[in-house]
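Analysis of the macromolecular model
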Amino acid sequence: IKEIGLKYNKTPSQIVIRWVLDNSAVSCALLGMKKPSQTVDNVGALGWVLAEEDKQALTEKATTLFC
């Protein structure tokens, strides 16, 4: 996740949020924040898209970890 984040100049949380939002099986994403800075960071997941190969790499990693 960090490596993909470097390509986009995004934080790991922004990468993961973007990946979730780009998943057609997901209708909404619920995010929890404790600090205003986390809200600002989460907003950084909006307004851009992951390349298809990066979405696929993240999906493969998630499948390996959670299945």
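Residues numbered from 1 in each chain as written. Predicted model: local features only at pLDDT ≥ 70, side-chain atom pairs only at ≥ 80, totals over all residues. Heavy atoms only, no water.

Considerations on the pattern of salt bridges
Under the counting rule described, the total for this entry stands at 3 salt bridges. We note a salt bridge from Asp54 to Lys7, for which the minimum N-O separation is 3.0 Å. Of the two residues, Asp54 is situated in helix H4 (residues 52-66) and Lys7 in helix H1 (residues 2-8); the sequence distance between them amounts to 47 residues. Judged by its relative accessible area of 5%, Asp54 falls in the buried class. With a relative accessible area of 54%, Lys7 lands in the exposed category. (Salt bridge = Lys/Arg side-chain N within 4 Å of Asp/Glu carboxyl O. Helix = DSSP H or I, 4+ residues; strand = E, 2+ residues; numbered from the N terminus. Buried < 20%, exposed > 50% of the residue type's maximum accessible area, 1.4 Å probe, protein only.)

Focus on the nonpolar core
Counting 5 residues, the largest nonpolar core is built from Ile4, Ile15, Trp48, Leu50 and Leu58. If sequence neighbours within four positions are ignored, Leu58 has contacts with Ile1, Ile4, Ile15, Trp19 and Leu50. (Core = buried A, V, L, I, M, F, W, Y, C linked by side-chain atoms within 4.5 Å. Contact = heavy atoms within 4.5 Å.)

Notes on the packing of helix H2 (residues 12-22) against H4
Interhelical geometry of H2 versus H4 gives an angle of 95 degrees and a closest axis separation of 11 Å. Between H2 and H4, the crossing angle belongs to the class labelled roughly perpendicular. Of the residues in H4, those in contact with Ile15, Trp19 and Asp22 of H2 are Lys55, Leu58, Thr59 and Ala62. (Axes fitted to C-alpha atoms, helices over the stretch in contact; angles between N-to-C directions. Parallel < 35°, antiparallel > 145°, perpendicular 65-115°, else oblique.)

As for unusual backbone geometry
The backbone of Asn9 sits at a positive phi, close to 60 degrees, despite the residue not being glycine. By relative accessible area, which is 71% here, Asn9 ends up exposed.

Points about the environment of Lys10
Here Lys10 is to be found in the loop between H1 and H2. Here the alpha-carbon distance between Lys10 and Ala45, two residues 35 residues apart in the chain, equals 8.0 Å. Not counting the four nearest positions on each side in its chain, Lys10 is found in contact with Gly5, Ile15, Gly44 and Trp48.

Honestly, it's all geometry; don't read function into it.
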